[in-house]
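Reading the structure
The residues making up each chain are set out below.
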Amino acid sequence: MILFLALAAAMAVIVRRRRLAAWLGSASLVALVVAGCGLLPQWMAIELQGNPPTTVGTWGQKNVIVLLGAGSSPKPFGGVEATMQAMPRIVRAVSLWQDCRRQQRTCLLEISGGDAAGAGRPEADIYRDIVVGLGVPDESLLLERQSLNTFANAQLSVAVLEQARPDTIVLVTSAMHLPRATLYFDHFGIPVVPVRADYTSADFSVIPTSGNLLLTDVLLHEYVGVLRYRLYEAMGWNSKPVKYDVHSMAH
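Residues numbered from 1 in each chain as written. Predicted model: local features only at pLDDT ≥ 70, side-chain atom pairs only at ≥ 80, totals over all residues. Heavy atoms only, no water.

A word on helix α3 (residues 39-49). For α3, the complete set of buried residues consists of Pro41, Gln42, Met44, Ala45, Leu48 and Gln49. Here the buried residues of α3 occupy an arc of 165 degrees about the axis, which is enough to place them on one side. Facing away from the buried surface of α3 by more than 90 degrees, the exposed residues are Leu39, Trp43 and Glu47. At its buried positions, α3 is contacted by α2 (18-36), α7 (178-187) and α8 (210-235). Of the residues one or two after α3, Gly50 is the one with positive phi, at around 60 degrees. (Buried < 20%, exposed > 50% of the residue type's maximum accessible area, 1.4 Å probe, protein only. Helix = DSSP H or I, 4+ residues; strand = E, 2+ residues; numbered from the N terminus. Arc of directions from axis to C-beta. Contact = heavy atoms within 4.5 Å.)

As structure tokens, then:
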């Protein structure tokens, strides 16, 4: 958007529309400062993320913790690894599983994620290696290897959760991702307890930074995702879901 405004200002100068060029150039500069110095992304982050919990207050008798992926990437010397953004989610999910087990409850961990990056392995398998290394046994894992986006995470989790028959479902992802993810899971009738893995804040700076611009872009992605869902829902464009059967949950 900033680049478009700057290019439009340059074109206005070329065609000698100086007043228009001044307005467009000023708008580009203001957008750069407000976003790059941290004011806009900090406001957006607070409004979007709220203050979701990092723990579960009350566990059920049988629980499934749903871990949403945050990508994977091939390494230059071979192999595929989880991204840096995925690690807080993985650690939080394992921590919750350990807390659930300490309370002597039945606890399963669903890892949801296919090969969205085209890296050669599904995220579920990549994260599974890390989770097992942190002490979660394979018999406590449920792997959903087909989903390529958050909407599909929710859609393809329906069958997994109906087979597991939990009475409590905990959804683990980043705080900025929770509103959109919770919205999609609700679309498929899946009642979740949202838990944040990490919380994002801007770094205030006198000079615009690339980090704040990147954060603004990521936050806009989440806002647009929520708005797009609501627009599609109003227009009847969202696929009619096969709702999660809450009566299949164990009691």
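Turning our attention to the pattern of salt bridges. This model, assessed by the stated rule, comprises 6 salt bridges. In this structure, the salt-bridge partner of Arg121 is Asp129, at a minimum N-O distance of 3.2 Å. Among the residues examined, Arg121 registers a relative accessible area of 32% and is labelled partly exposed. Since its relative accessible area comes to 36%, Asp129 is described here as partly exposed. Residue Glu222 is joined to Arg180 by a salt bridge in which the shortest nitrogen-to-oxygen separation is 2.8 Å. Of the two residues, Glu222 sits in helix α8 while Arg180 sits in helix α7, which places them 42 residues apart along the sequence. Among the ionic contacts, a cluster of salt bridges with common partners joins Arg121, Arg128, Asp129 and Asp138. (Salt bridge = Lys/Arg side-chain N within 4 Å of Asp/Glu carboxyl O.)

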